[in-house]
Every structure is written in C-alpha cells, then in structure tokens.
Amino acid sequence: IFFRLCSRCPERPQLSSSPINSQPMTTQLNPTGVRNQSVADYVVQCLVDCGVTHVFGGHGGAVVPLINSIVAHPDITFVYTRCEVNAALAAAAYAKLRNSLGCCLGTSGPGASHLTTGLLDAALDHVSVLCITGLKKSYSIGYSDFQDIRQAELFRAAGIAFSTNVIHKKQVVPIMRDAMAAALAQHTCAHMALPVDIQQEIICPPPKLCTRNARERIQPVISHLSVLEHVAEIVKNCRDKGKHLLLAVGNRAVHAGDEILALAELLMAGVVTTQDAKGIVKETHPLVLGVAGIFGNPGMETAAKCIQRADLVLAFGWDDHSQLLVGGDGLQERKLIEFDVTASLVETRFQALETVIGRIEFGCRQLYALLTEDDTTEVRQHTLDASVTGDWLGGIMSPNNSFAMSEGGLSPQDIQLPMDRAMTPSGYVVPEREVTAGYCHPGRLLSLLSPRLEEGTVVCVDVGDVTIWTSLCLCL
C-alpha cells in the first residue's frame, strides 16, 4: 500500500483541553553558549538532519509535544493518517521509494500496537524506518492501566530487534543515536518510546547527531575496480560462449533503472523484477519480462521461462535469491553475481561468483564502461526480433506481451470483456463466462489503466488477489 508523499496534514485547532502543554517547545542558550532544546525539538531536528521530510502518524495525548515540534519545524511535514497501521506502511513505502530513512509516529497503547504490521513490512523488506511512540508520564508507567502496554516488548516479540523505552531525559541522546544507527546501518526498523513528560524536558544536546551519516560510513559509493573487472570478464566469457544472462532487479536498485536497462541492451539479456521493484525499470521495454514471483508463487510466464533458461544471473539489490537460483530440490542450479548497497544485506545462502558492494547505479556504469572499452568487441545490434535473440528471448516473448490499447478511451465494452492473456500464477486464463455485466475484472482494469499513468505516478492497491493482478497486468 502506497500513499501520496506530498500530502500535508490539514490545519487543526489546538487541543486546548489537553493536560499537556500544546505550545511548541522553544530553544534557548545556556550560560556556556550551548543551545538548550526540548527533547521533542531535539528528536525532530535529528530527523531533519538525517534527511526525513515527512513523518506519518496518528494523533494522541502522548505525542502532542512531538507533533507540535514537527508542525513548527519548517523543513518537515506531519502527514496525519486515519489509523496508525497506515502510518507505518506509508513510512516503509517512503523509505523504499527514496532509499532513505522513513519515520512513523503513534500514541501509547492501541496507537502503538496498530503500527506493528507496517514495521514488520519495513524489517522484512530491509528498509530503514524509525518508529517513535508516546508513553504516559514516566512516573505512572506500570501501575496505571490507561493505555499502558509494554510497547518495547511487543515490538521485540514481533521481530523488531531494536526496541526500547526512554525513562529519563539523559537517555534521549544516546538512545536516539543508537536507534538511528540501527535503522540506517542495518536497513531495518528501530523503535523508541518516549513518555510525554520527557518529551517536554529541556536538554543540552550535541550540535549534530553523530550517526546521521551511518549508512555512508558502511556503504561505499564506488565499488572496487578489481572486483568489477572480474565481473566484466565473467560476463564477456558467458556472452561469447552463447550462455544466457538474466538481470534481476530488487527494490534497492531504485536509482539504477536506466543503467540496468543499458546493460540489458548491451548484453541482450532479459530483465525480471521483484514485486516491490515494479517501475524501477520501464516495463514497456521489450527486454523487461515482468515480476519474477508474488507471495511465493511464480510470476509472469515469460519471466519464469527466462529464469529457467538462465545460465548466469546478475542480481541487483535482490533479497531472496532462491526464486532465481534453485530448482525443485532446493539446490542452486544457476550461477550468480550479486550487486548490493552494503555487505550487511548480502545473502550468503548461495554461492556467488562475485559480490559487488556500493551504489548500484555507479557499479552498473563502471561495468558498462568495462564491457565496452575493447574496440575490437563485436558491436551487437540492439534489435529484439527472433533472428537476433534466437531461442533465448525470441522463443519466450509472448505475442501478447503488450499493454497497448486502442484509441478512444475506456468503454463499457472494454471494462466487461475478459482479459486476452491475463495469467494467474498457475497459468489459468480468465474465461469469458466468469465476466458478468457490470463487473470489472481487476486485471482488465489495470491493463487499461497502464498507458494512462503519468511519470512519477504512485499506484495504491489493497493486499490480496488484486496485488497479484497488479504484478501481472499493471505496466509501469
């Protein structure tokens, strides 16, 4: 589920009846010349220093100081969601689309527990999200029952490794440091809970959060040249021997779409993506064969055939390599070269001929330069007819692998007709008898929607069968 990232929370009246001070916290200089801040202001400034532009969350008495500080800051926007589960999912989507830190906010009790689904989504997809929850006043935790749940223990039990409570203002700076470091360096979700009275405390923090560049310290921009030279040698040998190459695109290759397509055209290699990498490469390109798998099931028919025929897979920011590499016995059948942004995300279950660590778009550019630097290399025509691609791509490209539609716009006949070749994961074709008057098959609608989407459009879908149809029929 994705949300528009530019939404702003509408103006709302101040909660004057709240027992919590509803005015934004102020900063002042102490006698030593160091700026004092409220805890809420400090936390918000840390988010801004780490590049966060939007915080998604619900409202509640235990987070009033934090929300007031967000609203008062000129460089960050509070996006109010009707339910906290949407806030967590939006923060995960924000982090995934931007390849940066996302943040969500929830009040104590049910506000916190509702965040769990989205936080697990962030952890499983290896995206950096900081979750901040409010707590009742620190002196009443544990013996007064109003919205009093063990939030840190709840999130840890669900699989969020870094989850802790702040119970004194002197803990704020080191716990904020550690939470940021965990989220950014480990590409995961971290949680900290702040009692509402501590949010209003005045502290004297350091001028900058020391972990704001945690990811850059462990993520090289440029990959080792010797590694890429070996990769280029492997790829050239496979190509010269007529071996089949496959490029697999995961969500961490979000900024490398154009570079990956350039490699695909140079190598005449098919491209498959994960479900959450749709749109990174232009799916209208003839070499882009669709989603490799959805919910553990096979994906597009052409993508499945391309994987089966591949001799060497180049995987870019891909999480689970089993769907690319293994056969029916669960053992590795294809060779692998993996590209990822940091060594902590490398999957070590399978053998890789080489592992390239660094910014994926830069690694692709370096590899392209190495593959084209030899002037004696035969120049291949980048045409896609079967005479060039042979049985490798020409034999698996479906004649209906097209999202073109007739001019004139949507009509009732378009909506009610069954899809021509919309395939379920089992290969089942939707029969005409299942389509009734007034019923719009989701696959048909998504196919007709595809050519009407503008650049940068974010598509929101529910979870369930429609997600599978989105993978199979929506062309981004």
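From a predicted model like this one, the values you see are computed outputs, not experimental measurements.

A.B. asks: Hey, could you run me through the overall build of the chain in this one?
C.D. replies: A count of helical and extended segments in the chain gives 18 helices and 17 strands. Buried positions account for 50% of the 476 residues belonging to the chain. When contacts within the chain are restricted to residue pairs at least 6 apart in sequence, long-range pairs at least 24 apart make up 71% of them. Counting every atom, the chain has about 22,300 Å² of accessible surface; 52% of that belongs to carbon and sulfur.

A.B. asks: Is there a simple way to explain the nonpolar core in this structure?
C.D. replies: Side chains of nonpolar character tend, in soluble globular proteins, to be buried together. If you look at the biggest cluster of nonpolar residues, it comprises 39 residues, and the most contacted ones within it are Val-235, Leu-247, Ile-260, Leu-314, Phe-316, Phe-339 and Leu-367. Of all elements in the fold, only helix 10 (225-240), strand 10 (245-249), helix 11 (257-267), strand 15 (312-316), strand 16 (335-340) and helix 14 (360-372) reach the threshold of two or more residues within this core. The dominant element in this core, judged by the number of residues it contributes, is helix 10, at seven residues. Counting residues in hydrophobic clusters, the runner-up holds 36 residues, among them Tyr-42, Ile-132, Ala-179 and Leu-194.

A.B. asks: Just to check I follow, could you spell out unusual backbone geometry for this structure?
C.D. replies: A positive phi angle is found at Asn-99, which is not glycine, with a value near 55°. Relative to the elements of secondary structure, Asn-99 occurs in the loop between helix 3 (84-98) and strand 5 (102-106). Assessed through its relative accessible area of 24%, Asn-99 is described here as partly exposed. Phi angles above zero are rare outside glycine, and His-126 is one such case at about 55°. Summarising the element assignment, His-126 is placed in the loop between helix 5 (116-124) and strand 6 (129-135).

A.B. asks: What is the right way to look at the pattern of salt bridges in this model?
C.D. replies: A side chain of one charge can pair with a side chain of the opposite charge if their charged atoms are brought near each other. One pass over the full model with this rule turns up 11 salt bridges. The salt bridge involving Arg-252 is made with Asp-340; its shortest N-O contact spans 2.8 Å. Here Arg-252 is found in the loop between strand 10 and helix 11, whereas its partner Asp-340 is found in strand 16, with 88 residues between them in sequence. Overall, the relative accessible area of 4% leaves Arg-252 in the buried class.

A.B. asks: I would appreciate a short explanation of helix 18 (residues 465-473) in the present structure.
C.D. replies: Along an α-helix, residues three or four positions apart point the same way, because every turn accommodates 3.6 residues. Within helix 18, seven of the nine residues are buried, leaving the element largely enclosed by the surrounding structure. Among the residues making up helix 18, those that are buried are Thr-467, Ile-468, Trp-469, Thr-470, Ser-471, Leu-472 and Cys-473.

A.B. asks: I would appreciate a short explanation of the packing of aromatic side chains in the present structure.
C.D. replies: The geometry of two aromatic rings is summed up by the distance between their centres and the angle between their planes. The final tally for this structure, using the stated rule, is two aromatic pairs. Residues Phe-56 and Tyr-94 carry aromatic rings whose centres are separated by 5.8 Å and whose planes lie at 65° to one another, so their mutual orientation is edge-to-face. On the criterion of sequence distance, the pair formed by Phe-56 in strand 3 (residues 54-57) and Tyr-94 in helix 3 is long-range, its members being 38 residues apart. Comparing Phe-56 with Tyr-94, the two get one shared label, buried.

A.B. asks: Just checking my understanding: could you explain the pairing of strand 10 for this structure?
C.D. replies: If a strand is regular, its side chains alternate between the two faces of the sheet. Of all five residues that make up strand 10, five are buried, and the element is covered over most of its length. Of the pairings in the sheet, the one linking strand 10 to strand 15 comprises five bridges and is parallel in character. Across the sheet, Val-249 pairs through a bridge with Phe-316, a residue of strand 15. Of the pairings in the sheet, the one linking strand 10 to strand 11 (residues 270-273) comprises four bridges and is parallel in character. Residue pairing for strand 11: Leu-247 is matched across the bridge by Val-271. Between the parallel elements strand 10 and strand 11, the chain passes through helix 11 in a crossover that is right-handed.

A.B. asks: How should I be thinking about the packing of helix 11 against helix 14 in this particular structure?
C.D. replies: Two measures define how a pair of helices packs: the angle their axes make with one another and the distance between the axes. Orientation of helix 11 relative to helix 14, taken along the N-to-C sense of each, is 25°, at an axis distance of 9 Å. In this view, helix 11 runs roughly parallel relative to helix 14, as classed from their interaxial angle. Crossing angle aside, the handedness with which helix 11 passes helix 14 is left-handed. Contacts between helix 11 and helix 14 involve Glu-259, Ile-260, Ala-262, Leu-263, Leu-266 and Leu-267 on the former and, on the latter, Glu-361, Cys-364, Arg-365, Leu-367, Tyr-368, Leu-371 and Thr-372. In terms of residue class, the contact of helix 11 with helix 14 is built from nine nonpolar, one polar and three charged.

A.B. asks: What should I look at first to understand the pairing of strand 15 in this one?
C.D. replies: In terms of burial, strand 15 is largely enclosed, as five of its five residues are buried. Judged by which residues are buried, strand 15 turns out to be covered on both faces: Leu-312, Leu-314 and Phe-316 on one side and Val-313 and Ala-315 on the other are all buried. Pairing geometry for strand 15 and strand 16, over five bridges, is parallel. Counted as the bridge partner of Val-313 is Leu-336 from strand 16.

A.B. asks: Explanation requested: the sheet that holds strand 6 in the structure shown.
C.D. replies: Think of a sheet as strands paired side by side through backbone hydrogen bonds, with each pair either parallel or antiparallel. Pairing in this open sheet of six strands is parallel, and the strands run 4-3-5-6-8-7 from one edge to the other. Both outer strands of the open sheet, strand 4 (77-80) and strand 7 (162-165), are each paired with one neighbouring strand and no more. If you compare each strand with its neighbour and ignore which way they point, the axes differ by 20° on average. Pairing geometry for strand 6 and strand 8 (residues 189-195), over seven bridges, is parallel. Residue Cys-131 lies in a different strand from strand 8, and its bridge partner there is His-191.

A.B. asks: I keep staring at the environment of Leu-445 and nothing clicks. Help me out?
C.D. replies: Within the secondary structure, Leu-445 is located in helix 17 (residues 442-449). For Leu-445, a relative accessible area of 37% gives the class partly exposed. Taking the C-alpha atoms as reference points, Leu-445 and Leu-474, separated by 29 residues in sequence, lie 8.9 Å from one another.

A.B. asks: Even after reading the chapter, I still don't get the sheet that holds strand 17 (residues 354-357), so can you show me in this structure?
C.D. replies: Pairing is parallel across the open sheet formed by six strands, whose spatial order is 12-11-10-15-16-17. On the outer flanks of this sheet lie strand 12 (288-291) and strand 17, each paired with one strand and no other. On average, each strand axis in the sheet is tilted by 20° relative to the strand beside it, whichever way the strands run. Two elements, strand 16 and strand 17, share four bridges in a ladder whose sense is parallel. Within strand 17, the residue paired with Glu-338 across the bridge is Thr-355. Strands in contact with helix 10 are strand 10, strand 15, strand 16 and strand 17; relative to strand 17, the strand with the most contacts, it is inclined by about 130°. Of the strands in this sheet, strand 10, strand 11, strand 12 and strand 15 are in contact with helix 11, which crosses strand 10 at around 170°.

Rules used throughout
- Residues numbered from 1 in each chain as written.
- Predicted model: local features only at pLDDT ≥ 70, side-chain atom pairs only at ≥ 80, totals over all residues.
- Heavy atoms only, no water.
- Helix = DSSP H or I, 4+ residues; strand = E, 2+ residues; numbered from the N terminus.
- Buried < 20%, exposed > 50% of the residue type's maximum accessible area, 1.4 Å probe, protein only.
- Contact = heavy atoms within 4.5 Å.
- Areas by Shrake-Rupley, 256 points an atom, 1.4 Å probe, with all protein chains shown as cover.
- Core = buried A, V, L, I, M, F, W, Y, C linked by side-chain atoms within 4.5 Å.
- Salt bridge = Lys/Arg side-chain N within 4 Å of Asp/Glu carboxyl O.
- Phe/Tyr/Trp six-rings, centres within 6.5 Å; stacked < 30°, edge-to-face > 60°.
- Pairing = 2+ DSSP bridges.
- Right-handed = clockwise from strand over helix to strand, strands pointing away.
- Axes fitted to C-alpha atoms, helices over the stretch in contact; angles between N-to-C directions.
- Parallel < 35°, antiparallel > 145°, perpendicular 65-115°, else oblique.
- Left-handed = near helix turned anticlockwise from the far one by under 90°.
- Nonpolar A, V, L, I, M, F, W, Y, C, P; charged D, E, K, R; others polar.

It is worth stressing that arrangement in space is one thing and function is another; only the former is reported here.
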